[in-house]
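So you can see what is in the structure, the chains are spelled out below.
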Amino acid sequence: TPEVEQARATNYRRKDRQPLPYKHMIYRPAGAINASAEDMANYLRFHLQRGSYSGRRVLSEESMNRLEVPGTLPAVQAGVTTGYGLFNQATYNRGYEEHGHNGGVAGALATFGYIPELGLGRAVMINTSNGRALLRIRRAVDSYLMRNITPLEMPTGVSDVSLSDELQRSLPGYYMNIGQRDSDYLGMFEHYGTLRRVEADAQGLALRVPLGRGVKRWIAVSENLFRLEAEPKPTLALVRGEDGEILLQYDQMTYQRISPLRVWIPVVGFPFSFLLVLTSLLFAVVWGLRKVLGRLPNPGPWSVRLWPLLGAVALVGVFWLFFAAES
């Protein structure tokens, strides 16, 4: 509304610090909350007081607990008790379990988190798309909030459980996330961005990024439950699919084993196809100059030359528009 427009902070683009207009979201629950710092502080109090605010009960204790834990995934049935609840993500802060969520729109970022065990929380909002700045501010706020808190001792990276020889043989391979969050044009990027190569030994699992340095080490808690090295609770579970195959499930992702060909053919083929299309631009320069200089006496059907050129221009244009809009 005009009244809100006058009161709200102006969003700024990170790249050139130019102001950005307010964008209305068609899917409002995805992030269309316009709130002040005081609003967010009260929202923190609501969570820390377990569903109450100023002496008034809004949600039951049972409902608050349900918000904070996953409840419908097969991993929960396998024993996972922490992770992504109802838009409420569990992480660890100095060994303490923290709950909350992050968010962002064009020209604004936010982070919200609280630790029920300590009765502490923070909400940070900045009016620019500068993730590094938000991280530095959040860390500074956390350092102040927890200045008198003794960090909890985290478990070692050694497992008391030894994986069976059968699992050590059957688990390694390439895995694909079949529970993608985005099914539109971003789905392709999410698909290839979440591919993992799984390795297994007696101590647990390692999930590596193909052609990358990223690796996460998971320590076995039981034959089907695993925890990250620096976390006390298991967040990854081995579950069975409809046809009996083993799936890896953690956070919002469910990984299914796939053939290496499904990994490497697209990884190699997509860049090659893209470069092949771009050769139409180089070819157009050659035949264009020959046409201007009168050295193309028999060009043949022009459609054979023009359609590949238009396809290459359209492809480059789409990518340019996409990344220009994101920046």
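Attention here is on the structure that accompanies the text. (Residues numbered from 1 in each chain as written. Predicted model: local features only at pLDDT ≥ 70, side-chain atom pairs only at ≥ 80, totals over all residues. Heavy atoms only, no water.)

Some details on the side chain of Arg122
Here is the rule: For helices the rule is a DSSP run of H or I covering at least 4 residues; for strands it is a run of E covering at least 2, with both sets numbered from the N terminus onward. Nitrogen and oxygen atoms within 3.5 Å of one another constitute a polar contact, given that in protein one can donate a hydrogen and the other can accept it, and given that sequence-neighbouring residues count only through two side-chain atoms. The contact criterion used is simple: two residues touch if any of their non-hydrogen atoms lie within 4.5 Å.
Mapped onto the elements of the fold, Arg122 is located in strand β8 (residues 120-126). Of the polar contacts made by the side chain of Arg122, one reaches the side chain of Asp142; its length is 2.9 Å. Among all residues touching Arg122, those that are not within four sequence positions of it are Leu44, Asn93, Glu98, Thr111, Phe112, Gly113, Arg138, Val141, Asp142 and Leu145.

Things to note about the pairing of strand β13 (residues 225-228)
Using the following cut-off: For every residue, the accessible area obtained with a 1.4 Å probe (protein chains only) is divided by the maximum for its type, and the residue is called buried under 20%, exposed over 50%, and partly exposed between those limits. Here a strand pair is declared whenever DSSP counts at least two bridges between the two strands.
Of the two faces of β13, the one carrying Leu225 and Arg227 and the one carrying Phe226 and Leu228 are both buried. Pairing between strand β12 (residues 215-220) and β13: three bridges, direction antiparallel. By the bridge assignment, Trp218 is partnered in β13 with Leu228. Counted between consecutive antiparallel strands, the loop separating β12 from β13 contains four residues. Direction of pairing for β13 relative to strand β14 (residues 236-240): antiparallel, over a ladder of two bridges. Each bridged residue has a counterpart across the sheet, and for Phe226 the counterpart in β14 is Leu236.

A short note on the sheet that holds strand β16 (residues 253-258)
Operational definition: Only the stretch in contact is used when a helix axis is fitted, and all axes are lines through C-alpha atoms; the angle between N-to-C directions ranges over 0 to 180 degrees.
Spatially, the eight strands close up into a barrel ordered β9-β10-β11-β12-β13-β14-β15-β16, and their pairing is antiparallel. Averaged over all pairs of adjacent strands, the angle between their axes in this sheet comes to 35°, without regard to strand direction. Note that strand β9 (residues 173-177) and β16 share four bridges and pair antiparallel. Within the sheet, the bridge partner assigned to Tyr174 lies in β16 and is Ile258. Taken strand by strand, helix α8 (residues 260-292) contacts β9 and β16, and its axis lies near 70° from that of β9.

Digging into the nonpolar core
Quick note on the threshold: Buried Ala, Val, Leu, Ile, Met, Phe, Trp, Tyr and Cys residues form a nonpolar core when they are joined through side-chain atoms within 4.5 Å.
Counting 18 residues, the largest nonpolar core has Leu171, Leu205, Trp218, Phe226, Leu238 and Leu248 as its most contacted members. Those elements that place two or more of their residues in this core are β11 (204-208), β12, β13, β14, β15 (246-250) and β16. Apart from residues no more than four positions distant in its own chain, Phe226 is found in contact with Leu163, Gly204, Leu205, Trp218, Ile219, Ala220, Val221, Pro234, Thr235, Leu236 and Leu238. If you look at the next biggest cluster of nonpolar residues, it comprises six residues, including Ala75, Val80, Leu225 and Leu247.

Describing empty space enclosed by the protein
Going by this rule: Cavity means a closed set of points on a 1 Å grid over the protein atoms alone, one where a 1.4 Å probe fits but cannot get out, pocket means an open set with protein on both sides within 12 Å along at least 5 of 7 lines, and lining means a residue has an atom within 4 Å of a point. Grid points are joined across faces, edges and corners, and a volume is the space filled by probe spheres set on the points. Following the grouping adopted for this structure description, the nonpolar residues are Ala, Val, Leu, Ile, Met, Phe, Trp, Tyr, Cys and Pro, the charged ones are Asp, Glu, Lys and Arg, and the polar ones are all others, Gly among them.
Scanning the entire structure with this criterion turns up one cavity of 30 Å³ or more. Taken as a whole, the largest cavity encloses approximately 60 Å³ of empty space. Residue lining of the largest cavity: Asn93, Glu98, Gly113, Tyr114, Ile115, Leu120, Gly121, Arg122, Asp142, Leu145 and Met146, and that is the complete set. When residues of the lining of the largest cavity are traced back to their parent elements, those giving at least two are β7 (108-115), β8 and α5 (131-145). Of the residues belonging to the lining of the largest cavity, the class tally is five nonpolar, three polar and three charged.

Structural notes on the packing of aromatic side chains
Worth spelling out the cut-off: Any two rings among Phe, Tyr and Trp, with Trp reduced to its six-membered ring, count as a pair given centres within 6.5 Å; such a pair is stacked if its planes are under 30 degrees apart, edge-to-face if over 60, and tilted if neither.
This structure, assessed with the given rule, holds seven aromatic pairs. Centre to centre, the rings of Tyr174 and Trp264 are 6.0 Å apart; their planes meet at 90°, and the pair counts as edge-to-face. Linking Tyr174 in strand β9 with Trp264 in helix α8, this pair joins segments that are 90 residues apart in sequence. Classification of Trp264 by relative accessible area gives partly exposed; the value is 30%.

Remarks on the pattern of salt bridges
When the charged atoms of two side chains with opposite charge come close together, those side chains can pair. Applicable threshold: The term salt bridge refers to a side-chain nitrogen of Lys or Arg lying within 4 Å of a carboxyl oxygen of Asp or Glu.
Scanning the entire structure with this criterion turns up ten salt bridges. Here Arg13 ties to Asp16 by a salt bridge, and the two come within 3.0 Å at their closest N and O atoms. Judged by its relative accessible area of 28%, Arg13 falls in the partly exposed class. The closest approach of N and O atoms between Asp201 and Arg217, which form a salt bridge, is 2.9 Å. With Asp201 in the loop between β10 (196-200) and β11 and Arg217 in strand β12, the pair connects residues that are 16 residues apart, well separated along the chain. When salt bridges with common partners are traced through the structure, they connect Glu98, Arg122, Arg138 and Asp142 into a single cluster.

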